[in-house]
Number of protein chains: 2
Amino acid sequence: MIEIGLLGLGTVGSGVYEIIHQRRNYLQELLGYKIHISKVLVKNLYIKRNVDINRSILTDNAMEILRDKDIKIIVEAIGGTTDAYDYITEALRRGKHVVTANKAVVCKYFKEFIELAKKNNCAFLFEASVAGGIPIIKELMQNISQLNDISNIKGILNGTTNYILTKMFDNGLNYEEALKSAQELGFAEEDPTDDVEGVDIARKLCILSTIASKNIILLKNIKRSGITKIIPRDIELIKSLEHKIKFIGSFNMNRNNQYYGVVEPVLVKKDSIYYGVNEANNVVSIKGSNVGEIQLLGQGAGKKPTANAVVSDIINVIKGIYYNYDFDFEDNAKVTNIDFYKNKYYFRAITNDINDINIIKEQVKIGNIIDKIVDEKKSFSFITKRTSLNVIKDIAIDIQNYSNGIWYARIEK
Amino acid sequence: MIEIGLLGLGTVGSGVYEIIHQRRNYLQELLGYKIHISKVLVKNLYIKRNVDINRSILTDNAMEILRDKDIKIIVEAIGGTTDAYDYITEALRRGKHVVTANKAVVCKYFKEFIELAKKNNCAFLFEASVAGGIPIIKELMQNISQLNDISNIKGILNGTTNYILTKMFDNGLNYEEALKSAQELGFAEEDPTDDVEGVDIARKLCILSTIASKNIILLKNIKRSGITKIIPRDIELIKSLEHKIKFIGSFNMNRNNQYYGVVEPVLVKKDSIYYGVNEANNVVSIKGSNVGEIQLLGQGAGKKPTANAVVSDIINVIKGIYYNYDFDFEDNAKVTNIDFYKNKYYFRAITNDINDINIIKEQVKIGNIIDKIVDEKKSFSFITKRTSLNVIKDIAIDIQNYSNGIWYARIEK
């Protein structure tokens, strides 16, 4: 029998419990052992649970689980970076394998966890931390990172914001209405900042790009801009251009070990795969020197897909089918100068005054970056020629006094 | 040092040689051993090679490789089902691990190879046999098949025919011209039957559905219809419907262990992911009870992606990171009655005679399956209501005397 200690009985934790329970006979046959969740950490022992569980295995004392010598595998599903950090490090120090779905803690303490796991000869697996049911971590570790120079990783990595953008495009909701709908469905937190400002995506991008580049990529080095400034007029105009806005994290690395990581709203066109990834779905794309571009799509969040990823990791721990990070993570990659990246942008400046529109038009014409004007009635909005982000930023500063709402977004090639 | 025997030095074989050579230092660091291709089987020792290789390691005698006790891993890259079968079984009997890219032999002898590998405690890995650089086999084995009831697997699994259809849709070529273009680029064989009649896709579908269902699914039980009957008028009409034709293999399994496997041209609409998978790219979709739908896209063929999959398998053999098929494959699944599957169809009947068009129209109206007529000038073509394939076939028989060209294709929901 393999005993497992489960930390947390929220969405992911209860999903893990259910899958292991449902599949117990099959898993026993597959593994040659019975898998048994013998203790579960909860905050409150007495509240009603949505999962059918024997209350005698619940505890509110983490050390009772971490000190239990019969427990060989710890599943961390409490979230956050404080207690989760303490429990993961304590478990690894005690020689227990750890499986987690917690991107925040993995992103923040990646190197420490990997080194601690290696030192104590344990597995530290975190498939569920990025893109829910999509097996992107294994894919990167087992198939791509070993044999390819990876030049680009990008993705729609957050289900909540993809749902919000889908509602804005397909159902005509404005940002506030779409956010409210996401909150009512339980997709978005009461404080949605981490999602809508791109912090959640940036964390996942850090994890993926750290593995891909074998360099520790820090959260602070990922640039971010959020989706809160998008207005209905943008949706109208962008629809007329046969594009959609997607909230995308992307990481580019060149041969000189210089990288550029960014999370931003991006316009994708109708024939892009990303255009068709809607609702709470996710997609991840990786470009490798041998495999070319590989893309994985699926449900990026939700109880069952995320729990499936956790239980897959548990199976792989028990069968010994996982990679130890035998290589050392480097610390020598540098953030590149963004002036190297030239793109087309959608640029919108709202104003109610025709005089201001004319002034803006002249200013932007002087900047010589207009490729195509898409609106000069309700706003002054245009598509730029290929240009660097810094030029766009300068233009925005030049005209800010004539507009009560400037927003711009990169257009995917 | 780990010695490898490579059987075949064609496209895949030379790609494998090149990747191992290019990455030799990194692989040595990763694995703790040097990997060395010590012998290579070729048909002709004396022809010029496109790969920079020491001729002293070439041999035209397979047994010289298979009998070599220092060789622990055999890579089979000769193709076909005769010699390949002999070499694979011989290698496994001698306790050597086998990695292959050969879908024909894997499809035909799946059960025998798996059992022989198990008996001799060897790995038998075949990631490269399906969808080239897309890691679908590992994905199925490690993440999905263990924890999910899989109700559907489908995919664009053949790069050659997807290239042909792309040329017909995007470049206005007719079938013969598109085939010729594929042959000139080396995508299509001189005899393209296996590709254009769907045999190649059916083989890959057998491999995937066998793993997914844990039942041996035989090639003869996969229904097939090819893409050779598509004419320019179809392309015109289907474009006007905002659809494209894709050549898709799909496998459905219900809870009673009844399945339906088919390879056929299918109309997919503009907002489908499949619509955007063009040229020689592939896509595979899997529906699992926990993970929902997961889709993987990438280059389905080609030297480097396929060789990458082979070398990944080699690494996984050496690191011991692979699944043995510990479960027994069942043999109790039954082909279901296709009358259970009701779909919309595109139906086209060519005729030059307006009287014949009217007769066909009346016949089909009697059949009461028309949802929308799309052409009654140059042909009589229409979209059906949801109906079973057998009804469509009956209609085709009823009107065959009045048309000199009938073709129909399922429309994806």
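Here the structure is a predicted model, which is why all the values come from computation and not from measurement.

Calculation rules
- Residues numbered from 1 in each chain as written.
- Chains lettered and ligands numbered in written order.
- Predicted model: local features only at pLDDT ≥ 70, side-chain atom pairs only at ≥ 80, totals over all residues.
- Heavy atoms only, no water.
- Pairing = 2+ DSSP bridges.
- Helix = DSSP H or I, 4+ residues; strand = E, 2+ residues; numbered from the N terminus.
- Buried < 20%, exposed > 50% of the residue type's maximum accessible area, 1.4 Å probe, protein only.
- Arc of directions from axis to C-beta.
- Contact = heavy atoms within 4.5 Å.
- Polar contact = N/O pair within 3.5 Å; in protein donor to acceptor, adjacent residues only side chain to side chain.
- Axes fitted to C-alpha atoms, helices over the stretch in contact; angles between N-to-C directions.
- Bend = angle between axes of the 7 residues up to and from the residue.
- Salt bridge = Lys/Arg side-chain N within 4 Å of Asp/Glu carboxyl O.
- Buried area = accessible area lost by both parts, 1.4 Å probe.
- Nonpolar A, V, L, I, M, F, W, Y, C, P; charged D, E, K, R; others polar.
- Parallel < 35°, antiparallel > 145°, perpendicular 65-115°, else oblique.
- Least-squares fit on C-alpha atoms with pLDDT ≥ 70 in both.
- Core = buried A, V, L, I, M, F, W, Y, C linked by side-chain atoms within 4.5 Å.

### Examining the sheet that holds strand S3 (residues 58-59) of chain B
Residues and elements named next belong to chain B.
Step number 1: One open sheet holds the 6 strands; their spatial order is S3-S2-S1-S4-S5-S6, and the pairing between them is parallel. Looking at the sheet topology across the chains shown, the edges are occupied by S3 and strand S6 (124-125).
Step number 2: As paired elements, strand S4 (residues 71-76) and strand S5 (residues 97-100) share 4 bridges and run parallel to each other. Bridge pairing in S5 links glutamate 76 to threonine 100.

### Remarks on helix H8 (residues 175-184) of chain B
All names here are of chain B.
Step number 1: Among all positions of H8, only Tyr175, Ala178, Leu179, Ser181 and Ala182 are buried. Taken down its axis, H8 places every buried residue within 160° of arc, on the same side. Of the exposed residues in H8, the ones pointing more than 90 degrees away from its buried face are Glu176, Lys180 and Glu184.
Step number 2: Residues of H8 that are buried in the fold lie against helix H7 (159-170) and helix H9 (193-196).
Step number 3: Where H8 begins, one side-chain oxygen reaches toward the backbone nitrogen of glutamate 176, 3.1 Å away; that side chain belongs to asparagine 174.
Step number 4: Downstream of H8 by one or two residues, glycine 186 has phi in the positive range, about 85°.

### Things to note about the sheet that holds strand S3 (residues 58-59) of chain A
All names here are of chain A.
Step number 1: Across the sheet, 6 strands lie side by side as S3-S2-S1-S4-S5-S6; this open sheet has parallel pairing. Looking at strand neighbours, the two that pair on one side only are S3 and strand S6 (124-125), the edges of this open sheet.
Step number 2: Against the sheet, helix H4 (residues 83-93) makes contact with strand S1 (2-7), strand S2 (35-41), strand S4 (71-76), strand S5 (97-100) and S6, and its axis sits at roughly 150° relative to S5, the strand it touches most.

### Considerations on helix H5 (residues 103-119) of chain A
Structural remark: α-helix, 3.6 residues per turn; residues separated by three or four positions point the same way.
Residue and element names in this part refer to chain A.
Step number 1: When the local axis directions of H5 are compared, the greatest deviation, roughly 85°, occurs at tyrosine 109.
Step number 2: Every buried residue belonging to H5 is among Ala104, Val105, Val106, Cys107, Tyr109, Phe110, Phe113, Ile114, Leu116 and Ala117, and all of these are buried.
Step number 3: Lining the buried residues of H5 we find S4, H4, S5, S6 and helix H10 (199-213).
Step number 4: Within two residues after H5, asparagine 121 carries a phi angle of roughly 60°, on the positive side.

### Here we look at the pattern of salt bridges
All names here are of chain A.
Step number 1: For the coordinates displayed, the defined rule picks out 42 salt bridges over all chains.
Step number 2: Residue lysine 303 is joined to glutamate 18 by a salt bridge in which the shortest nitrogen-to-oxygen separation is 3.3 Å. In this pair, lysine 303 is assigned in helix H12 (residues 303-319) and glutamate 18 in helix H1 (residues 11-22), connecting sequence segments 285 residues apart.
Step number 3: When its relative accessible area of 27% is taken as the criterion, lysine 303 is described as partly exposed.
Step number 4: The exposure class of glutamate 18 is partly exposed, given its relative accessible area of 24%.
Step number 5: A salt bridge links aspartate 194 to arginine 203; its shortest N-O distance comes to 3.2 Å.

### What about the interface of chain A and chain B?
Step number 1: Listed per partner, the contact involves 45 residues of chain A and 45 residues of chain B.
Step number 2: Summed over the three residues of chain A that lose the most area to chain B, namely Arg23, Leu147 and Asn290 of chain A, the buried surface amounts to 16% of that side.
Step number 3: Here chain A is connected to chain B by 2 salt bridges.
Step number 4: Measuring nitrogen to oxygen at the nearest pair gives 3.1 Å for the salt bridge that ties arginine 23 of chain A to aspartate 149 of chain B.
Step number 5: Residues that form the side of chain A that touches chain B fall into these classes: 20 nonpolar, 16 polar and 9 charged.

### Let's talk about the packing of helix H4 (residues 83-93) of chain B against helix H5 (residues 103-119) of chain B
All names here are of chain B.
Step number 1: At a minimum axis distance of 10 Å, the contact between H4 and H5 shows a crossing angle of 10°. Relative to H5, the element H4 lies roughly parallel. Along its contact with H4, which presents Ala84, Tyr85, Ile88, Thr89, Leu92 and Arg93, the element H5 presents Val105, Tyr109, Glu112, Phe113, Leu116 and Ala117.
Step number 2: Along the lines of polarity and charge, the residues of the contact of H4 with H5 split into 9 nonpolar, 1 polar and 2 charged.

### Some details on the relation of the copies chain A and chain B
The two chain copies are related to each other by a rotation about an axis together with a translation along it.
Step number 1: Of the two same-sequence chains, chain A is brought onto chain B (RMSD 0.0 Å, axial shift 0.0 Å) by a rotation of 180°. Such values leave the two copies arranged in the relation of a two-fold axis.
Step number 2: Comparing contact sets, 100% of the residues at the interface of chain A also lie at the interface in chain B, consistent with an isologous, same-surface contact.

### Some remarks on the nonpolar core
Step number 1: Core analysis: the biggest nonpolar cluster contains 251 residues, and Phe124, Ile136 and Ile314 of chain A together with Phe124, Ile136, Ile314 and Tyr346 of chain B have the highest contact counts within it.
Step number 2: The next biggest cluster of nonpolar side chains, apart from the first, holds 20 residues, and it includes Val266 and Leu297 of chain A together with Val277 and Val283 of chain B.

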